[in-house]
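Observations on chain architecture
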Amino acid sequence: MARREDDMEKVKEKSEPLLLPENGSDVSEEEGASWMVCLSTFIAVCGSFEFGTCVGYSAPTQFGIMEELNLSYSQFSVFGSILNVGAVLGAITSGKISDFIGRKGAMRLSSVISAIGWMIIYFAKGDIPLDFGRFLTGYGCGTLSYVVPVFIAEISPRKLRGALATLNQLFLVIGLASMFLIGAVVNWRALALTGVAPCVILFFGTWFIPESPRWLEMVGRHRDFEIALQKLRGSNANIAREADEIKEYLATIAHLPKTTLRDLIDKKNIRFVIVGVGLMFFQQFVGINGVIFYAQQIFVSAGASPTLGSILYSIEQVILTALGATLLIDRLGRRPLLLASAVGMLIGCLLIGNSFLLKAHGLALDIIPALAVSGVLVYIGSFSIGMGAIPWVIMSEIFPINLKGTAGGLVTVVNWLSSWFVSLTFNFLMIWSPHGAFYVYGGVCVLAIVFIAKLVPETKGKTLEEIQAMMM
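Since this is a predicted model, take the numbers as computed values, not measurements.

Examining the overall build of the chain
Each helix and strand in the chain was counted, giving 23 helices and 0 strands. Looking at the chain as a whole, 58% of its 472 residues are labelled buried. Sequence separation of 24 or more characterises 84% of the internal contacts of the chain that already satisfy a separation of 6 or more. Carbon together with sulfur atoms contributes 68% to the accessible area of the chain, which is approximately 18,600 Å² in total.

Some words on a nonpolar patch on the surface
Judged by side-chain polarity, Leu-181, Ile-182, Val-185, Val-186, Ile-315 and Ile-319 come together as a nonpolar surface patch covering roughly 500 Å² of accessible area. For the nonpolar patch, the secondary structure elements donating two or more residues are helix H7 (167–183) and helix H17 (306–328). One can find Val-186 in the loop between H7 and helix H8 (188–194).

Let's talk about helix H5 (residues 127–155)
With 29 residues, H5 ought to run about 42 Å at 1.5 Å a step, and its terminal C-alpha atoms sit 42 Å apart, in line with that. At Leu-144, H5 shows its largest bend, some 30 degrees. For H5, a buried count of 23 out of 29 residues is recorded, marking the element as mostly surrounded by other parts of the structure.

Structural notes on the packing of aromatic side chains
Taken as a whole, this structure holds 15 aromatic pairs when the rule is applied. With a centroid separation of 5.1 Å and 75 degrees between ring planes, the pair formed by Tyr-57 and Trp-118 is classed as edge-to-face. Of this pair, Tyr-57 sits in the loop between helix H2 (35–56) and helix H3 (58–69) while Trp-118 sits in helix H4 (residues 73–123); the two residues are 61 residues apart in sequence, bridging distant segments of the chain. Here Trp-118 falls in the buried class, since its relative accessible area comes to 0%. Centroid distance Phe-203 to Trp-207: 6.4 Å. Interplanar angle 75 degrees. Geometry classified as edge-to-face. An aromatic cluster is present here, built from Phe-281, Phe-282, Phe-285, Phe-421 and Phe-451 joined pairwise through their rings. Sitting above the plane of the Trp-207 ring, Arg-108 keeps its charged end 3.7 Å from the centroid. We note Arg-134 situated over the ring of Phe-79; from NZ or CZ to the ring centre the distance is 5.1 Å.

Observations concerning the environment of Val-173
Note on placement: Val-173 falls in helix H7. Separated by 122 residues in the primary sequence, Val-173 and Phe-51 place their C-alpha atoms 8.9 Å from one another. Discounting residues that sit within four places of it in the chain, Val-173 has contacts with Gln-317, Val-318 and Thr-321.

Points about the packing of H4 against helix H9 (residues 196–205)
For the pair H4 and H9, the least separation of the axes is 9 Å and the interaxial angle reads 155 degrees. Viewed along their axes, H4 and H9 adopt a mutual orientation that is roughly antiparallel. With respect to the hand of their crossing, H4 and H9 are arranged in left-handed fashion. Each of Met-107, Arg-108, Ser-111, Val-112, Ser-114, Ala-115, Trp-118 and Met-119 in H4 lies in contact with H9, whose residues at this interface are Val-196, Cys-199, Leu-202 and Phe-203. Of the residues belonging to the contact of H4 with H9, the class tally is 9 nonpolar, 2 polar and 1 charged.

Some points on the side chain of Glu-50
Note on placement: Glu-50 falls in helix H2. Aside from chain neighbours lying at most four places away, what touches Glu-50 is Ser-114, Trp-118, Cys-141, Leu-144, Gly-195, Pro-198 and Cys-199.

Quick notes on the packing of helix H18 (residues 334–360) against helix H19 (residues 368–385)
Look at H18 against H19: their axes get within 7 Å of each other, and the N-to-C directions meet at 160 degrees. The pairing of H18 with H19 is recorded here as roughly antiparallel in orientation. Considering the relative orientation of H18 and H19, their crossing is left-handed. A class-by-class count of the residues in the contact of H18 with H19 yields 15 nonpolar, 8 polar and 1 charged.

A look at the pattern of salt bridges
Opposite charge on two side chains allows them to pair when their charged atoms are near. One pass over the structure, following the stated rule, counts 8 salt bridges. For Glu-226, the salt bridge goes to Lys-247, with nearest N and O atoms at 3.6 Å. Taken together, the positions of Glu-226 in helix H11 (residues 222–233) and Lys-247 in helix H12 (residues 240–253) put the pair 21 residues apart, joining distant regions of the chain. In this structure Lys-247 comes out as partly exposed when scored by relative accessible area, which is 30%. For the salt bridge of Glu-245 with Arg-241, the shortest nitrogen-to-oxygen distance reads 3.6 Å.

Considerations on H3
Since there are 3.6 residues in each turn of an α-helix, residues three or four apart along the chain are aligned in direction. Here H3 is 12 residues long, yet its end C-alpha atoms lie only 14 Å apart, well below the 16 Å a rise of 1.5 Å per residue gives. Considered for burial, the residues of H3 that qualify are Ser-58, Ala-59, Pro-60, Thr-61, Gln-62, Ile-65, Met-66 and Leu-69. Two residues or fewer after H3 comes Asn-70, characterised by a positive phi angle close to 55 degrees.

Some points on the state of the cysteines
Tallying each qualifying case throughout the model produces 0 disulfides. Of all cysteine sulfurs in the structure, the one in Cys-54 sits closest to Cys-141, which takes part in no disulfide; the separation is 3.2 Å. Looking at the unpaired Cys-445, the closest cysteine sulfur is the one in Cys-349, lying at 4.4 Å.

Some details on the confidence of the model for the chain
Chain-level pLDDT for the chain is 81 on average; 82% of the residues reach the 70-or-more range. Least confident of the elements in the chain is helix H1 (residues 2–12), whose mean pLDDT is 44; most confident is H9, at 96. A low-confidence stretch, residues 1–15 stays under pLDDT 50, and its non-local contacts, those more than four residues away or across chains, total 25 contacts. Contacts for the low-pLDDT stretch residues 22–32, under 50 throughout, to residues beyond four places or in other chains number 26 contacts.

A few points about the nonpolar core
Inside soluble globular proteins, nonpolar side chains tend to come together where they are buried. Core analysis: the largest hydrophobic core is formed by 84 residues, its most contacted members being Tyr-57, Ile-65, Leu-130, Ile-298 and Phe-438. Here this core takes 9 residues from H4, the largest share from any one element. With near-sequence residues (within four places) excluded, Leu-130 lies in contact with Ile-65, Leu-69, Leu-71, Phe-79, Ile-121, Ala-124 and Trp-188. If you look at the next biggest cluster of nonpolar residues, it comprises 24 residues, including Ile-97, Tyr-139, Val-147 and Val-148.

Describing unusual backbone geometry
Most peptide bonds adopt trans geometry, and most residues besides glycine take a negative phi value. Located in the positive-phi region is Asn-70, a residue other than glycine, with phi close to 55 degrees. Inspection of the secondary structure assignment puts Asn-70 in the loop between H3 and H4.

Thresholds applied
- Residues numbered from 1 in each chain as written.
- Predicted model: local features only at pLDDT ≥ 70, side-chain atom pairs only at ≥ 80, totals over all residues.
- Heavy atoms only, no water.
- Helix = DSSP H or I, 4+ residues; strand = E, 2+ residues; numbered from the N terminus.
- Buried < 20%, exposed > 50% of the residue type's maximum accessible area, 1.4 Å probe, protein only.
- Contact = heavy atoms within 4.5 Å.
- Areas by Shrake-Rupley, 256 points an atom, 1.4 Å probe, with all protein chains shown as cover.
- Patch = residues over 30% accessible without salt bridge, like charges linked within 9 Å, V, L, I, M, F, W, Y side chains within 5 Å.
- Salt bridge = Lys/Arg side-chain N within 4 Å of Asp/Glu carboxyl O.
- Expected span 1.5 Å × (residues − 1).
- Bend = angle between axes of the 7 residues up to and from the residue.
- Phe/Tyr/Trp six-rings, centres within 6.5 Å; stacked < 30°, edge-to-face > 60°.
- Lys NZ or Arg CZ within 6 Å of the ring centre and 35° of its normal.
- Axes fitted to C-alpha atoms, helices over the stretch in contact; angles between N-to-C directions.
- Parallel < 35°, antiparallel > 145°, perpendicular 65-115°, else oblique.
- Left-handed = near helix turned anticlockwise from the far one by under 90°.
- Nonpolar A, V, L, I, M, F, W, Y, C, P; charged D, E, K, R; others polar.
- Disulfide = S-S within 2.5 Å.
- pLDDT = per-residue confidence, 0-100.
- Core = buried A, V, L, I, M, F, W, Y, C linked by side-chain atoms within 4.5 Å.

Here's what the structure looks like:
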């Protein structure tokens, strides 16, 4: 009993993926992923799909909700942005929850909370229940944004970890795209019901897949650990070496000192934090959530078809995220994709801003819709190949293992707070000056280019130890 309590105390001090160092080999992984790894990953990324549906819901429903419930732009801005408030709280508590009730338990809890939120939105008759439902879906998203990639990383064979981990971002944008496609043919209440579907699959699906073996071993469930690892690697796989490595690694990190926020500003750690926080800041302050949440408003304001524009950019986002996340990231490297992404987003902002400027002065009215749609497509496409997924990849690579829990929590909160601020202020910027809003975002893209060029390291092909030594 005392041993169990000691194990649980260790659990409470950690909230990072329990991964082995990148060196070494494992004979049980040579034949690739078993069907159980594939099934488990599919069930987990239903959480990513749910995340995408939450983010994409407000754009195709804006005018329907505002008209039926008689909401002002300010009230709808609160509805759009309160998702991020819930997500911040979810991100803050996600590590403790997933360590206490397990990775599967955290996904189940998130799916229930999100489903309740969707049902409240469906039955909403005013702005207060609407915002409360949105807040609950945000809390579920914040928890899922942490636990899904952690679960995938902990169950995956080392050689396939990168490829399987990128499915998190891919299914997120598929979920987002589904909101635009379905939202083009159904009303906002029916669209809310579609958000319940991935919650149901995630909740029931987790009963048919094993728990993270690393979490089971960490909490002292040694027999369950071996059973889960054998299921994931296949009945004929030799798991002895991998099991020994996991046990040895967990024993090592159990003796690492517990870090605090004060440790993050230590001279030897500050560059890690600047890079991680800076990438998350720029990922949001280039205006991505403003564009996603209010895409239909942008198209209508520019005189373009909102339905056609939304469908085009949703399809583009899925294709380019799949291309960038699965094919290019380990071939071209992180920095080149980030730089190309930021430059492309700058061009997109200038195209959108110029379309609004021409409209304001009554010039070249016949080309304005094409200019606005092409600007959004360039912007979204550029974000998809780099700034969308790569900041999360670099975050998982640059922090030493003893800093991952604290630093990872910090950058996740920064990301969601930045997302909330951008979502809240986007409508006000558009009221102030539509073309000025996108020129402001273009200026942030310029700062992002300088930041990436000067401070962000190239991590392609390096072990975690080499990356961290390079940044010291």
